[in-house]
Amino acid sequence: MSEFLDGFKRTHHCGALRASDLGSEVRLVGWVQDYRNLGGFMFVVIRDRYGVTQARFAHENEALLEAANKLRAEWVIGIRGRVISRGENINSKLPTGEIEVDAEELRIFNRSAVPPFAIHDACDASEALRLKYRYLDLRRPVLNKNIVLRSKMTQIIRRVLEENDFLDLETPMLAKSTPEGARDYLVPSRVHPAAFYALPQSPQLFKQLYMVAGLDRYYQIARCFRDEDLRLDRQPEFTQIDIEMSFIEVDDIQNVCEAMIVSLFKELLDIEIARPFPRITWNEAMDRYGLDAPDTRFGMHLQDVSQILAGSEFKVFSQALANAGTVRAIAVPATINMSRKEIAYYEEIAKTYGAKGLAWAKLQDGALNGGISKFLSSDESKAIIEELALQEGDCALFVSDSVKIARTALGRVRKEIATRNELVGRELKSAADCGLVWVVDFPLFEWSDEDQRWYATHHPFTAPRAADWPALERKDYAKVYAQAYDLVLNGIELGGGSIRIHNIDVQSKVFEALGIDEQEARAKFSYLLDALQFGAPPHGGLAFGLDRLVMLFTGSESLRDVIAFPKTNKAADLMLDAPSEVSPEQLAELGIEIKKST
RNA sequence: GGGGUGGUAGUUGAGUUGGUUACAACAACGGCCUGUCACGCCGUAGGUCGCGGGUUCGAGCCCCGUCCGCCCCGCCA
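Rules used in this analysis
- Residues numbered from 1 in each chain as written.
- Chains lettered and ligands numbered in written order.
- Predicted model: local features only at pLDDT ≥ 70, side-chain atom pairs only at ≥ 80, totals over all residues.
- Heavy atoms only, no water.
- Helix = DSSP H or I, 4+ residues; strand = E, 2+ residues; numbered from the N terminus.
- Buried < 20%, exposed > 50% of the residue type's maximum accessible area, 1.4 Å probe, protein only.
- Contact = heavy atoms within 4.5 Å.
- Lys, Arg positive; Asp, Glu negative; His and termini not counted.
- Charge placed at Lys NZ, Arg CZ, Asp CG, Glu CD.
- Expected span 1.5 Å × (residues − 1).
- Arc of directions from axis to C-beta.
- Core = buried A, V, L, I, M, F, W, Y, C linked by side-chain atoms within 4.5 Å.
- Polar contact = N/O pair within 3.5 Å; in protein donor to acceptor, adjacent residues only side chain to side chain.
- Pairing = 2+ DSSP bridges.
- Axes fitted to C-alpha atoms, helices over the stretch in contact; angles between N-to-C directions.

Engineer: Got a sec to walk through the overall build of chain A? Specific residues and values, please.
Structural biologist: Check the secondary structure of chain A and you find 16 helices and 22 strands. Principal-axis analysis of the C-alpha atoms gives chain A an extent of 90 × 75 × 55 Å. Per-residue burial over chain A gives 47% buried out of 598 residues. Considering only contacts in chain A between residues 6 or more positions apart, those separated by 24 or more positions represent 68%. A distance of 4 Å separates the average location of the 72 positive side-chain charges in chain A from that of its 88 negative side-chain charges.

In structure tokens:
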């Protein structure tokens, strides 16, 4: 029996057979998913990426039956046979459902060692083991489908962008380390013993240079690298859908992106999304949701009750207010379980994000009861009931702290209440499940107490709003807002972008705000500063996280489920055993010596 | 950098107060079974309890160190 294809070409995909194929002769190739000898018959389920089909080996052909008896999981086989229907006997959960092939010929293309774990969607093997044998894990239908959807997604993105005259342009992977932002992955080179390339954190500056080069309307599905700690939704190596356009304003970029996103929803999920997407300012998002990536699918908005509690005798409140802090509150409907145990759970969430506690009170028999109610005057209670529009049984939650902490902590609690009580889910089944919103008008700068300096909220090349130029001139940095925008889906940032600075004077002022002096600016960004002097057009763009988009579209819990070969928490590849040590010769060539750590 | 949690057969887990030969299910291997799809029945084989050290007459269990997986905070312009 040949182990090579030897003329045995498949005529059909597994799982693609239909009732209309009944009686016809077919050839299928695939992996043995399951096999069973029963009553003298051999039943073998064959799997490929389209689904599964069951092959039956009848006892009339003894040699064939004997060969089929020896088949084991994950062997690569081919079947020639006739399509018969035994629908009543085949598990309807399988995609192919009702079709069975009566085998007349069996080809074994390759045998398989006993797999280290059973390859099916209910597989309970540890992720570490599955990562080591990633190519087997990827055979599981669920992961296989994620990767297929990823491919379909990039196809649609390319099509929509090319229809809109965008050019697919590449940018270097061996680039230059940048001072701001994430830690860089550095790359040494034999030719430059004391110098390093950096892998790009994003193609940001290159795409701007394409604009200066007159190649307006750029896109790239670009790999990016950041040497920071990982999360469930963060990998050190990830993919951006990177877009840049010239002679446009914020609306133009949003329009293109909306068209792209609408196509993705329509073609991949059959969901009609209305345009334009809602807009919310950053200030409004922070005030109502506490987060710059708001989940707009449900209410429970944050409210500022500082005014009401300005004279409060409750020390926690009065102290926070005395220190330029605030008291923020949300009203949790009575339908949600807010037992003391539950409140304690949410308090832990609040504490995680820096709050000292989570105060509460419930409306019972028309008055605030329990929790901190005894510290409130009757006027204060009344005003809070009114302000939060509390209904009987509702629970008010309060965080008092600095504005930053109060908003974040309560915003996270709000989100957790919704998740925990299944007010919202992860699956995107209809337009109502898709809380899309543009967050606009970000502050251009953020003050860092720790470093006692301003940082760029997005990046140092983001343009301020024209109206805020005077504030930038007079160095009133807190008042400068950016022409920047993020697209958020269900509380997850899909991507963000901005109009860039195309004027060298504005760029200098921004560098000045960031404490980057002219010498440093020249050392780090001379090419950009040069380019800005040679007729840079007004331009701007945006970048989406492709991995996160696939994660949301497939309802995956982890970014690792939508990246074919992902890294672990420590940024290791368990399959490659990377990173790994290199030979002394390699190091010597690079002029690198490894310090033995103590 | 910090907090939490886990590592026992190929896999997933149990393992009491530190005490005889470390247990179960699934998988594997052999046999039986004429329609199964979580098939069923009988049998066989399978272990450096992550690694190193310590305490003890005796350690999977207690102590110290270390490596690795997972979740989170910081970090991620």
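Engineer: Account for the side chain of Glu-74, with residues named and values stated.
Structural biologist: Within the secondary structure, Glu-74 sits in the loop between α1 (62-69) and β4 (76-85). The contact partners of Glu-74, leaving out residues within four places of it in the chain, are Trp-31, Val-32, Arg-47, Ser-112, Pro-115, Ile-119 and Arg-139.

Engineer: Go over the environment of Ile-349 with me, naming the residues and quoting the values.
Structural biologist: Tracing the backbone shows Ile-349 in helix α9 (residues 340-352). With a relative accessible area of 17%, Ile-349 lands in the buried category. Once the C-alpha coordinates of Ile-349 and Leu-410 are considered, the two residues, 61 residues apart in sequence, prove to be 8.9 Å apart.

Engineer: Residues and numbers for α9, please.
Structural biologist: If you check α9, its first and last C-alpha atoms are 18 Å apart, about what 13 residues at 1.5 Å a residue would give, namely 18 Å. Those residues of α9 not exposed but buried are Glu-342, Ile-343, Tyr-346, Ile-349 and Ala-350. The buried residues of α9 occupy an angular sector of 110° when the element is viewed end-on, so they sit on one face. Residues Arg-340, Lys-341 and Thr-352 are exposed on α9 and point more than 90 degrees away from its buried face. For α9, the elements touching its buried residues are β14 (359-364), β16 (395-401) and α11 (403-420). Where α9 terminates, the next one or two residues include Gly-354, which has phi positive at roughly 100°.

Engineer: I'd like to hear about the environment of Pro-537, residue by residue, with values.
Structural biologist: Summarising the element assignment, Pro-537 is placed in the loop between α14 (518-532) and β22 (539-545). The spatial distance from the C-alpha of Pro-537 to the C-alpha of Asp-216 is 9.3 Å, given a sequence separation of 321 residues. Excluding anything up to four places from it in sequence, Pro-537 contacts Met-211, Val-212, Ser-246, Phe-247 and His-502.

Engineer: Before we move on, could you go through the nonpolar core and cite the residues and values that matter?
Structural biologist: Counting 82 residues, the largest nonpolar core has Met-153, Phe-265, Phe-445 and Phe-544 as the members making the most contacts within it. Considering every element that reaches this core, the biggest residue donor is helix α6 (residues 250-269), with 10 residues.

Engineer: Quick rundown of unusual backbone geometry? Include the residues and the values.
Structural biologist: Arg-275 connects to Pro-276 through a cis peptide bond whose omega is -10°. For the peptide bond that leads from Ala-578 to Pro-579, omega is 0°, which places it in the cis range. Looking at the secondary structure, you find Pro-579 in the loop between α15 (546-554) and α16 (584-590). A positive phi angle, near 50°, is found at Ala-389, a position not held by glycine. Residue Ala-389 is classed as partly exposed on the basis of its relative accessible area of 48%. Backbone geometry at Asp-577 places phi at a positive 60°, although glycine is not the residue there. Relative to the helices and strands, Asp-577 is located in the loop between α15 and α16.

Engineer: Go over the side chain of Thr-53 with me, naming the residues and quoting the values.
Structural biologist: Tracing the chain through its elements places Thr-53 in strand β3 (residues 51-57). A distance of 3.0 Å separates a polar side-chain atom of Thr-53 from the backbone nitrogen of Gly-15.

Engineer: Describe in detail the pairing of β22, supporting the description with residues and values.
Structural biologist: Of all 7 residues that make up β22, 7 are buried, and the element is covered over most of its length. Burial of the side chains of β22 extends over both faces: His-539, Gly-541, Ala-543 and Gly-545 are buried on one face and Gly-540, Leu-542 and Phe-544 on the other. Pairing of strand β10 (residues 237-246) with β22, which is carried by 7 bridges, proceeds in the antiparallel orientation. Of the residues in β22, the one forming a bridge with Ile-243 is Leu-542.

Engineer: Talk me through the sheet that holds β4; I want residue IDs and the actual numbers.
Structural biologist: Overall, mixed pairing links the 5 strands, which are arranged β1-β2-β3-β5-β4 in a closed barrel. Put simply, the sheet's adjacent strands are angled 55° from each other on average, direction ignored. The pairing of strand β1 (residues 25-38) with strand β2 (residues 41-48) spans 7 bridges and is antiparallel. Bridge pairing in β2 links Tyr-35 to Val-44. Contacting β1, β2, β3 and β5 (99-110), α1 crosses the sheet at an angle of about 70° to β5.

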